[in-house]
Amino acid sequence: LAAPRPSVLSPMEPHRGRFQAQAHGFEASERWAQGTPLQALMGHHLLSYLEDKIPRKQADLRRDGFLKAHDLIDRLASQGGGGPEIKKTFLVRGGGSRRVDVEVWAGWAFV
Amino acid sequence: VGVRLNERGSRIVVTTLFPRFLEDPAEYKQSEGFWVDLWGRAERYTREEFRWSHPWLENWSPPLRDGNPIFSARSLVLRRGVRVVQLEPLGPNLDFQAWLDNFGGDVTNPRSIQELVIACVLSEESARLSLGVMSQWAQGHSISLDYREGGFPVPTHALDSAGSYRRFGSAA
C-alpha cells in the first residue's frame, strides 16, 4: 500500500497532525502537513494505512484503539472538524502502554 | 488492569474516586475539579515562574466528556505539557501509568511541547502518585520512568530499591 499523503510534509504548513501507534519499544506514525484542513476521509485513509503497515500482531492488539480513533474522526467531522490542538490517547486496557494517539498539532482537521 | 503491585509484590486494592464519572455528569464535573485542585498543589510554587496555564487541550464544543483528557496544562516557558487520561475502573486494583511524549513535532522541533501523560483510574492512591510526578514535572525537573512487567511505565521515584511501589503515605 502506498501512503495516501495529501501533500508534501512541511513543518511550515498551517494544518498539521499525526496518528501514532505506540508502546514501550514500538512506535509507528502517519503524519499530515498541508495548506488546507485535513478532510475526514483522508484522516480515515491515513489511519487505516498506519494500521496496515504495522505488524499484524501489533495491529490486532490495538484493534479497539484504531476503532475508537476512527470513531473520533467521525464525531469531529459531524461537528465540522476539530482543532487547533487536540490529542487523544486510546489505550489498550491491560496491555501495558500500547496505544493509538490522534494528534492535531495545528490548524484544523477532519472536516 | 494496569499496575497492581505493592511493596511486597502483591496487588493493591484501592479506593476508587468518582467511579461513574463517564455516566454521571455530576461525577465528571467532580473529577475535573479534583484534577484541577491536584494540579494547583503540584504547580503552586512555579505558577508564575513557568506560567503554567490550563486547560491546554480539548478545544471543541460540546465537550466529549470521555476523560481523554480530563485535565491538561501547558507551560510555554518550559515547553512542557501535562495531560491526564482518566480511565473507567475495570477492577478494584491500582491502575496507574505515566509516560513522556511530544506534541507538535519531534523533540528536536523548538515549537514542540514535551508532555507528561498520566493514564489512570482515579483513586486516592493514583492521585498521590500523580501529585508526585506532576510536581516534579511542573518544577522543570526530569522524570525517569521504569517499565514494569507487561510494559507499564511508572515514575521511578514511586518505586523503592527493590522496584516495588513505595508504601503510600500522606500526600505532599
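Residues numbered from 1 in each chain as written. Chains lettered and ligands numbered in written order. Predicted model: local features only at pLDDT ≥ 70, side-chain atom pairs only at ≥ 80, totals over all residues. Heavy atoms only, no water.

Enquirer: So what's going on with the pattern of salt bridges? Which residues, and what values?
Expert: Should the charged atoms of two oppositely charged side chains come close, the side chains can pair. Taken as a whole, this structure holds 18 salt bridges over all chains when the rule is applied. Two residues, A:Arg56 and A:Asp60, come together in a salt bridge whose shortest N-O distance is 3.6 Å. With A:Arg56 and A:Asp60 both in helix 2 (residues 56–61) and four residues apart, the pair spans about one turn of that helix. Residue B:Asp101 is joined to A:Arg99 by a salt bridge in which the shortest nitrogen-to-oxygen separation is 3.8 Å. With B:Asp101 in strand 4 (residues 96–103) and A:Arg99 in strand 4 (residues 99–106), the pair connects residues from two separate chains. Assigned by exposure class, B:Asp101 and A:Arg99 land together as buried. The network of salt bridges with shared partners includes A:Arg18, A:Lys87, A:Arg99, A:Asp101, A:Glu103, B:Arg83, B:Asp101 and B:Glu115. (Salt bridge = Lys/Arg side-chain N within 4 Å of Asp/Glu carboxyl O. Helix = DSSP H or I, 4+ residues; strand = E, 2+ residues; numbered from the N terminus. Buried < 20%, exposed > 50% of the residue type's maximum accessible area, 1.4 Å probe, protein only.)

Enquirer: Account for the side chain of B:Glu125, with residues named and values stated.
Expert: All names here are of chain B. Mapped onto the secondary structure, glutamate 125 falls in helix 3 (residues 124–138). Arginine 128 provides the closest opposite charge to the buried, salt-bridge-free glutamate 125, at an N-O distance of 4.8 Å. A polar side-chain atom of glutamate 125 sits 3.5 Å from the main-chain amide nitrogen of threonine 15. (Lys, Arg positive; Asp, Glu negative; His and termini not counted. Polar contact = N/O pair within 3.5 Å; in protein donor to acceptor, adjacent residues only side chain to side chain.)

Enquirer: Break down the packing of helix 1 (residues 25–42) of chain B against helix 3 of chain B for me, citing the residues and quoting the values.
Expert: Residues and elements named next belong to chain B. Packing of helix 1 against helix 3 brings their axes to within 8 Å, and their N-to-C directions diverge by 45 degrees. Here helix 1 is positioned oblique relative to helix 3, judged by the angle of their axes. The element helix 1 and its partner helix 3 pack so that their crossing is right-handed. In this structure, helix 1 uses Phe34, Trp35, Leu38, Trp39, Arg41 and Ala42 to contact helix 3, whose residues at the interface are Ala127, Ser130, Leu131, Met134, Ser135 and Ala138. Here the residues of the contact of helix 1 with helix 3 are counted per class, giving nine nonpolar, two polar and one charged. (Axes fitted to C-alpha atoms, helices over the stretch in contact; angles between N-to-C directions. Parallel < 35°, antiparallel > 145°, perpendicular 65-115°, else oblique. Left-handed = near helix turned anticlockwise from the far one by under 90°. Contact = heavy atoms within 4.5 Å. Nonpolar A, V, L, I, M, F, W, Y, C, P; charged D, E, K, R; others polar.)

Enquirer: Provide a residue-level description of the confidence of the model for chain B, including the pertinent values.
Expert: All names here are of chain B. In this model, chain B carries a mean pLDDT of 83, and residues with pLDDT of at least 70 account for 77%. Model confidence for chain B, summarised as mean pLDDT per element, is weakest for strand 7 (residues 153–155) at 69 and strongest for strand 3 (residues 80–86) at 97. pLDDT under 50 marks residues 1–10. Its contacts with residues more than four places away, or in other chains, come to 32 contacts. Note that pLDDT drops below 50 for residues 167–172; the model gives that stretch 14 contacts with residues more than four away or on any other chain. Across the predicted assembly, pTM comes out at 0.86 and ipTM at 0.87. (pLDDT = per-residue confidence, 0-100.)

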